[in-house]
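Examination of the molecular architecture
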Amino acid sequence: LPLGNYFPAFWCIFMHHFPHVCKGKHQIKAQRWEEVSIMDEKNIPIRTYQVCNVLEPNQNNWLRTDWIPRSGAQRVYVEVKFTLRDCNSLPGVTGTCKETFNLYYHESNEVRESYIKESSFIKVDTVAADESFTQVDVGDRIMKLNTEVRDVKVTTRKGFYLAFQDVGACIALVSVRVFYKTCPLTIRNLATFPDTVTGADTSSLVEVRGSCVNQSEEREEPKMYCGADGEWLVPIGGCFCSPGYEEKGGACKACSAGFYKAKSSDAGCFKCPPHSHSVRDGATVCDCHSGFFRADSDPPSMACTQPPSAPQQLISVVNETSVVLEWAPPRRLGGRSDTSYNYPRMGSGSISSSQLCLPCGSDVLFSPGQTGLKTTRVVVSELRAHTHYTFIVHARNGVSQASGAGAAQSVSVSVTTNQAVSSILAIDVTRHSLSLSWQQPDRPNGVILEYEVKFYEKDQKERSYRIMRTFSRSVDVTGLNPLTVYVFHVRARTAAGYGEFSAPFEFSTNSDPFPLIGEGVNSAFLLLSVSGVGILLLISAAVFIISRRRSKYSKTKQDSEEEKHLNPGVKIYVDPFTYEDPDQAIHEFAKEIDVSSIHIEKVIGMVGEFGEVCSGRLRVQGKREIYVAIKSLKAGYSDKQRRDFLSEASIMGQFDHPNIIRLEGVVTRCKPLMIITEYMENGSLDAFLRKHDGQFTVIQLVGMLRGIASGMKYLSDMSYVHRDLAARNILVNSNLVCKVSDFGLSRVLEDDPEAAYTTRVRRKIPIRWTAPEAITYRKFTTASDVWSYGIVMWEVVSYGERPYWDMNNQDVIKAIEEGYRLPAPMDCPVVLHQLMLDCWERERAERPTFSQILNMLDKLIRNPGTLRRTGGDRPAGTMLESGMGSEVCVSVLPEVCVPEWSVCEWLQSIGLERYRDTLAAAGYTSLDSLLALTHQ
Ligand code: ACK
C-alpha cells in the first residue's frame, strides 16, 4: 500500500528515513541508537538501528522517522520487525535492563520539523517481544525476529512522525513498514465501488455508493460499507444491464446477433423468437422476417406473425327481412389466436331497378355486433324487404393493420330479403275447428312455394304450438277445444327461404266450459311444492352453514388443545393482560413485599420516563439478607403505565429457571411501585462485554450463550415469546451466569431505545434484532426469538459490537431482504457462525429450535476442538483455553458440518481410530476420498 514506500525492509531506504538518531535529555553516556550491520537468519547482512544501554539507569533514547504523509488515511498500521535481548542472558545487568520499547507518533503538517519536543509525541503502545534471544553469538545463533503491528488514528494533520523510545533495552530495529487499509475497488451487483480508505475507528463503516458499470442502469441505489479491516460489507441494491446487454463476469456484454434483450430487468439475452432475426450485436428487439409482422401490443418475446387468410364457407339463411350469416374460420390464422371478424355490408339495391349498390343505413341491426367479433355467426335484421344485399366478412388479427392486407382476407355473399303475410281472416268457426284464409304478401320475393301456419292456445302462449303447411292461401284447423282463444301466425316460403311470420291473429272456438278447477288445484299444488322445496333448501342450507361453523369452531378449539398437549406436563405461561383486574394477576404471580424490608442503596439505571433501577438489600423475616435490584415507577404515572409496569412482574413471577431473572416480589400497596428482583452484579451483557473486550475464552463465551439458550428454551416451552431478546436485555451475575430479563410487552414497545417505528407497522420494533416476518407482518413466534438469539450470539462473540454497525434501520431491513447476513465476528469459530446463520434462515420453519441450539452448544462445550476453526484473520485458536493444541481430535461428531473435519477426527468420533494408518496407507486421507470407499 502507498505508505509502505516509506519503510520497505531494505536497508538503504530504511536508513534514509531515519536520519534523526538523537540523544535523549537524560542520557548520560554516548551510547544511543546506532546503525549496525548484523546477519539475519539466513546469514545475509542487514543494517539495523540498535541500542543496548542495559547497564545504565534512566535511559531515554529516541529515534524518529521523517515526516510521513498520511495520503488520506485515517488509521495507519505500523509493523515493526525487531530483535530484543533477554535481560537474563546479559551478564552483570541489574534492574536497569528493560525488555520493551515505546512507540510514539506526532501528527504534523510540517514536512521538516527541525526539533520536536518529546512531549509533542503521543504514545501508541509499549511494545514487547514475543520471542527474545538469549545470546548474541553471531557464529551459530539463530536470530529470532519479532513482528509487532500497532495501529493509530491519524486524522488531524497532513502527516505524522513516528518515534521509538528506548528506556534501557537491548534492541535492534530491523524494519518498519507503515501502511493503511483500503477496501479494494470491486464490482458487486453490477456496480463499481472505488478503492476506499477505511474509517478512523476499528468499528467504523464507510458508506460507499457504487456507480453502475457501463451499459447498465440502476435497479436500486447500489451501496456497500467499507469495514475497518478493508473488507466490503452489506451490499445493497445494484444495477441491471441495459436492454441489449447481459451480465457476464460482472460486466454488461452486448447480446450477440440472433439474440436480444428487451428490458433491463430480463435475466439475459434470449434467442430471437420464430420468424425474426437480429443482425447486429446489442439488439433490444428482433426484426421480423419479410412477410411477417409484429403488432404494437406484441411483446418482443413473441414470434412474428401474419394476417389470417379469408374466412371460409360463408353461408346465408334469409328469414323474411333478416339474414343469418355463418362461416368457417380462415384456413391460416397466421400464427396468432386473436382472429376477429368484421361485417362491412357492402350495400343494398332494389331487385327490380337493378340499381348500383349503396352503403346501408345505420338502422340495420347486427347481433352480436358488427365489428371485432370472435364468433363465426351473425344475425342481421331490420333489413329492407325484398332487397339485394351483399355482405363481406373480413377476418382480421393483430397484424392485419401492420401488414396492410385487405381483400385477401375477406369473403362475400349476396342475399335477397322476403316479405311477410299482412293479415289472416277466419272464415268459419265451430266448437272444434276454425277455417282461415289470408292474402299473398305484397311483394313476394319470388314464387311462393308454400305457407306455414303456426298456432297455439292463447293461455299457453308459445309453450306448445302446432305447425301446418299448405300450398294454398287457406287452411282448416281441426281438433281444437271449444270456447278457447287461439293465436295464429302465417309465413311464406320462396326459393330464398322462409319469410317472417305475420303478426298474431286471435280467434276463439265456440261454447263448452273451461276446466278452471283442475288448473287451480294444479297451481296450488305447484305453489306448495315450490315453496316446500324452497323451504327444504333453506333448511338444508342453514343446517350446512351451522354445521360448518360448528366444525370450524371445534377445530380451533382442538387446535389450541393440541398445542397445549404438545408439551404435556409443562406449565403454560398466562398472559396477565387476559385478566380484567391487573391486581388479580399480580397477586396471583408475585409476592407483596413490605417496603420496610427493603434498603435502597444506589441508583444504577433508568427505564423510560418514570422508572429507575436501584440496587439494595432485602431482608425477609426468617431468611438471610440478599442483594436485590429494585425497579420503581415514580409517582405521576397513568393507569396504563401502572398496568404495563406491573405486567412485567406478573410475567416474571411465573418463571422459575436459573437463566431467567428471578422475581423476589413487588410493592404495590404504597408508592412508588416496586419490582424486586435478584441482583446481577455485572449488569447488562452488552455493556459487560464491551468493558471486557477480548478477555474471555471461546468456551466462556459459549458458556454464556448456553445459559441464554437454556433460559429461552424454558420460555419457549412455556409458550412465552420474548420479542426483545438482545444482549442489553440479558443480565450477568458475578459467576458469569447470564439470565434473560426484561419482560412485558409494553416495555418492548416503549422503553427499549432500540425499538423503532418501521414504515409498515405502527408499533415500535427493535429492527436489528427482529426476524423479517415479525418486522413485516408482526409474526412474533419462538422462531422469531430464535432469530434474535442468533443476533445475541453475534453480539456476544464480537464483544458487544452493534449489529450491522452504524447502518440505518431501513438499510438493515433492505440488506436482510436481499439475503445479506452478518459476517462472522473476528475469531468466531466457524460452527458458531454457522449456527447464527441457521438462526437467520428466512423461512422460520427452517430455523433450529432452542432445544436444538442448546444440544448443539452442549456438544461444542464437551468437544472444544470443534471450536478451533475460525474464519478470522488472527491465528486460529488464540482465544482457546490452553491444552487445546492443534492436534486435538474431538470424540463426538457435531450435528453441524465442519468442513475441515479430518479422517482422524472422523475415525475417533466413531471409535475406529485404530484404522487410521490402514486407511492412510490405502490413500484415504481426506473425507472426500472416503466417499469413494466401497464395502469391499
Ligand atoms: O447495564 P446495567 O448496569 O444493568 O444498566 C441497566 C440498568 O439497570 C437499566 O436496566 C441494570 N439492571 C437492571 N436489572 C438489574 C438487576 N437485576 N441487577 C443488576 N442490574 C440491573 C442494567
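Now for a look at the structure at hand. Because the structure is predicted, anything quoted here is derived from the model rather than measured. (Residues numbered from 1 in each chain as written. Predicted model: local features only at pLDDT ≥ 70, side-chain atom pairs only at ≥ 80, totals over all residues. Heavy atoms only, no water.)

**Structural notes on the site of the ligand**
Going by this rule: When we say a residue is near a molecule or strand, we mean one of its heavy atoms is within 4 Å of it. Here a polar contact is recorded for every N or O atom pair within 3.5 Å, except that within protein the pair must consist of a potential hydrogen donor and a potential acceptor, and residues adjacent in sequence are included only if both atoms are side-chain atoms. The Shrake-Rupley method, run with a 1.4 Å probe sphere, supplies the accessible areas, and residue values consider only the shown protein chains as cover. A run of H or I in DSSP becomes a helix once it reaches four residues, and a run of E becomes a strand once it reaches two; helices and strands are each numbered from the N terminus. Asp, Glu, Lys and Arg are counted as charged, while Ala, Val, Leu, Ile, Met, Phe, Trp, Tyr, Cys and Pro are counted as nonpolar; the rest, among them Gly, fall into the polar class.
Every residue close to the ligand is listed here: Ile604, Gly605, Val613, Ala629, Ile661, Thr677, Glu678, Tyr679, Met680, Gly683, Ser684 and Leu731. Taking Glu678, its main chain carries an N or O atom lying 2.9 Å from a nitrogen atom of the ligand. Interatomic distance of 2.7 Å between a side-chain N/O atom of Ser684 and an oxygen atom of the ligand. Compared with its free state, where it exposes 450 Å², the ligand has 76% of that area covered by protein. Within the residue set of the shell around the ligand, elements represented by two or more residues are β42 (598-607) and β46 (673-678). Of the residues assigned to the shell around the ligand, the class counts are 7 nonpolar, 4 polar and 1 charged.

**Some words on the state of the cysteines**
Our working rule: Cysteine sulfur atoms are paired as a disulfide whenever they come within 2.5 Å of each other. To sort residues, take the accessible area from a 1.4 Å probe on protein chains only and compare it with the maximum for the residue type: under 20% means buried, over 50% means exposed, and anything in between is partly exposed.
One pass over the full model with this rule turns up 8 disulfides. Disulfide pairing is shown between Cys255 and Cys269; the S-S distance is 2.0 Å. With the S-S bond torsion at -80°, the cross-link from Cys255 to Cys269 turns out left-handed. Of this pair, Cys255 sits in the loop between β21 (251-254) and β22 (259-260) while Cys269 sits in the loop between β22 and β23 (270-271); the two residues are 14 residues apart in sequence, bridging distant segments of the chain. Residue classification places Cys255 among the buried positions, given a relative accessible area of 0%. Assessed through its relative accessible area of 14%, Cys269 is described here as buried. Disulfide partner of Cys288: Cys304, at an S-S distance of 2.0 Å.

**Side note on the nonpolar core**
Under the convention used in this document: Working definition of a nonpolar core: buried Ala, Val, Leu, Ile, Met, Phe, Trp, Tyr and Cys residues. They are joined through side-chain atoms within 4.5 Å. By definition, residues are in contact when any of their heavy atoms lie within 4.5 Å.
Judged by nonpolar contacts, the single largest core of 89 residues is most densely connected at Phe655, Leu685, Ile708, Phe743, Tyr789 and Leu857. When near neighbours in sequence (up to four residues on either side) are disregarded, Leu857 contacts Val702, Leu705, Arg706, Ala709, Tyr789, Leu832 and Leu835. Core analysis: the next-biggest nonpolar cluster, separate from the first, contains 26 residues, Trp33, Phe82, Val127 and Phe160 among them.

**Structural notes on unusual backbone geometry**
Omega for the peptide link from Ser367 to Pro368 comes to 5°, which places this bond in the cis form. Mapped onto the secondary structure, Pro368 falls in the loop between β30 (365-367) and β31 (377-381). With an omega dihedral of -5°, the bond running from Lys671 to Pro672 counts as a cis peptide bond. In this structure, Pro672 sits in the loop between β45 (663-667) and β46. Positive phi values are uncommon outside glycine, yet Arg723 reaches one of about 75°. Mapped onto the fold, Arg723 is located in the loop between α7 (698-717) and β47 (730-732). Classification of Arg723 by relative accessible area gives partly exposed; the value is 24%. A positive phi angle, close to 65°, is found at Asp742, a residue other than glycine. Mapped onto the elements, Asp742 comes out in the loop between β48 (738-740) and α8 (745-750).

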